[in-house]
Amino acid sequence: MNKKHLIVILAAALFSFFLYSSLYFLLRPAAMDNSQWIFNTPDETANYFFIKTFFETGQMQSFEPLNAVSGTMSLVHPRSTTVIDNFITPATFLGFILAMRMFAKIFSFWFIPFIIPLFSAFAILAFFYLIKETFNEKIAFWSSLALAVMPAFWYYSSRSLFNNLLFLDFTIIGFSLLVMFIRKKELMLLAISALFLGLALTIRTTEAVWIIAILIILFATLRQQLRWHHGLLLFFIIILSFLPVLGYQYHMYGNPLAFGYAPKIAIKAQASIMQTVGNLALPFGFSPINILRNIYHYFFKMFFWLSVPAFLGGLLLIFKTIKKKAKPEEKAYLLFAVIISVSLLLYYGSWWFFNNLMAKPLIGSSQVRYFLPMYVIGIPLVIYFWDEVLNLVKNKKIRLVAGAAIVLATLGFSVNCTVFAGEESLTAIYSTVRSYHDINKKAVKTTENDSVIVSSYSDKVFFPSRKVIFYWQDPKYLANISKITAQTKIPVYFYSISDNELEYIENNSSLKTELAEKINDKEGLYLLKNK
């Protein structure tokens, strides 16, 4: 191994940790001043709340008695959570919460936003080894550097309370250790590999199809290196890693196979194995039009400087395979890339939606998180393509200048896309979350400790400082909210972002609104009272 390459990759991984940590490092003073972290999405907010609750109490649920008052609708909880028997309960895979709580115990609770940046730095090192063993050291070197600044990887390593990136980090590390075991034959490497892959699957169990498919192919084709007892050890450790998750799912949902992403299964707690598989397989149907639409918007339009060369690099590798010039490792990589892409496009691609108020594809859209494994496995194909192109240039000086131009252009597009461009860039997220801290401080000063704040999309701003309700846009919801104001002495406020909302409440319920605090020119807190 080239020592210069290794030193550069180690430096890049270390730099990446600080780069990915910069968003929450810059937000830390506001969080310390406000005595809590605030996040830009309900998913991040809910994950943080349950990690904190689990860390402090040893319980992954939080009892909310007001849900008994609000009736069967159980309105008092933030988005990305569910309510079971008046307990606010995770609506996600529990493996992420379990893993993050474990790391919080090792490091400290305030280190939580920096755990994923740390493992992403390790994943860059693991990726270097994985690609080196598949292609060559040159492609591995540039692939690792490209991964470090690849927009989706950089962005979600910085937005560090989503489970997608920790899953991806553990998967990269797990497979790199498996390849290392194949080369070195040390059982400890296989055991640690199985642990990382098992943890990855507990964090995002929906990705099991392609991970299991890759493992089956590896064991089927490398029977001399991967014997049946190796498979048993791998399977045993993966199953062991699931036991805590299955136990908590049984405790909370009444069924070890039920989980928060399937609330009907969780609440009924009677899902059979076949019913669970049925809910997991193609949950959004099959729509070729939506698949093509997602490919266009979230690959070729959003990341064109990576997607186009990755596609062309894939074609070159296919052509090389047809000509029987590809190494077995390259053929395997191509096959695994197809398996991952087909699996993710079939599962998520048929789902066309927007989860931002701008109603357009952005780097912060859920689809970017879902397609992360595809983006990552495409990186070496990008480097492979440019390497083949540059090899056609015979003049060394021209080749060097052209290579530098490609690197600078790729870096420029990636930095702009991640940090500056669009309504959900990292700089935009920073500004937004800082404003949320200011709003939260005003709300906390205005409202009582046990009060409830009703809002459309601002539950992430107030929770868990205050109890929250986000279902109110229907007379039946408002009727249940009025039960809280009528039957308890707990103050209920409405956070309004427009006069139309106040008019709707007044005209469609027994509630009236009374200004408590003006937050800014358009937004304010209003006390809800029965007429």
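Going by the structure above, here's the rest.
Residues numbered from 1 in each chain as written. Predicted model: local features only at pLDDT ≥ 70, side-chain atom pairs only at ≥ 80, totals over all residues. Heavy atoms only, no water.

Student: Sorry if this is basic, but what is going on with the overall build of the protein chain here?
Tutor: In terms of regular secondary structure, the protein chain is built from 23 helices and eight strands. In summary, the protein chain has a C-alpha radius of gyration of 25 Å against a globular reference of 24 Å for 531 residues, a match within 12%. Burial analysis of the protein chain (531 residues in total) assigns 56% to the buried set. Counted over contacts in the protein chain with a minimum sequence separation of 6, partners at least 24 positions apart contribute 71%. Carbon and sulfur atoms make up 65% of the accessible area of the protein chain, which amounts to about 23,800 Å² in all. (Helix = DSSP H or I, 4+ residues; strand = E, 2+ residues; numbered from the N terminus. Rg over C-alpha atoms; globule rule 2.2 N^0.38 Å. Buried < 20%, exposed > 50% of the residue type's maximum accessible area, 1.4 Å probe, protein only. Contact = heavy atoms within 4.5 Å. Areas by Shrake-Rupley, 256 points an atom, 1.4 Å probe, with all protein chains shown as cover.)

Student: Explain the sheet that holds strand 7 (residues 511-518) here, please?
Tutor: Strand pairing in a sheet relies on backbone hydrogen bonds, with the paired strands running either antiparallel or parallel. Pairing within the open sheet is mixed, and its five strands lie in the order 5-4-6-8-7. The strands lining the two open edges of the sheet, one partner per strand, are strand 5 (467-469) and strand 7. Ignoring which end each strand starts from, the neighbouring axes of this sheet average 35 degrees apart. Across the sheet, helix 22 (residues 475-487) touches strand 4 (452-454), strand 5, strand 6 (492-496), strand 7 and strand 8 (524-530), and the angle it forms with strand 8 is around 80 degrees. (Pairing = 2+ DSSP bridges. Axes fitted to C-alpha atoms, helices over the stretch in contact; angles between N-to-C directions.)

Student: I tried to follow the sheet that holds strand 2 (residues 81-84) on my own but got confused; where do I start?
Tutor: With antiparallel pairing, the three strands of this open sheet are ordered in space as 1-3-2. For this open sheet the edge positions go to strand 1 (62-63) and strand 2, each flanked by a neighbour on one side alone. Of the pairings in the sheet, the one linking strand 1 to strand 3 (residues 87-90) comprises two bridges and is antiparallel in character. The residue bridging Ser62 from the neighbouring strand is Ile88, located in strand 3. Packed onto the sheet, helix 11 (residues 228-253) meets strand 2 and strand 3 and runs at close to 150 degrees relative to strand 3.

Geometric values such as these leave the question of function open.
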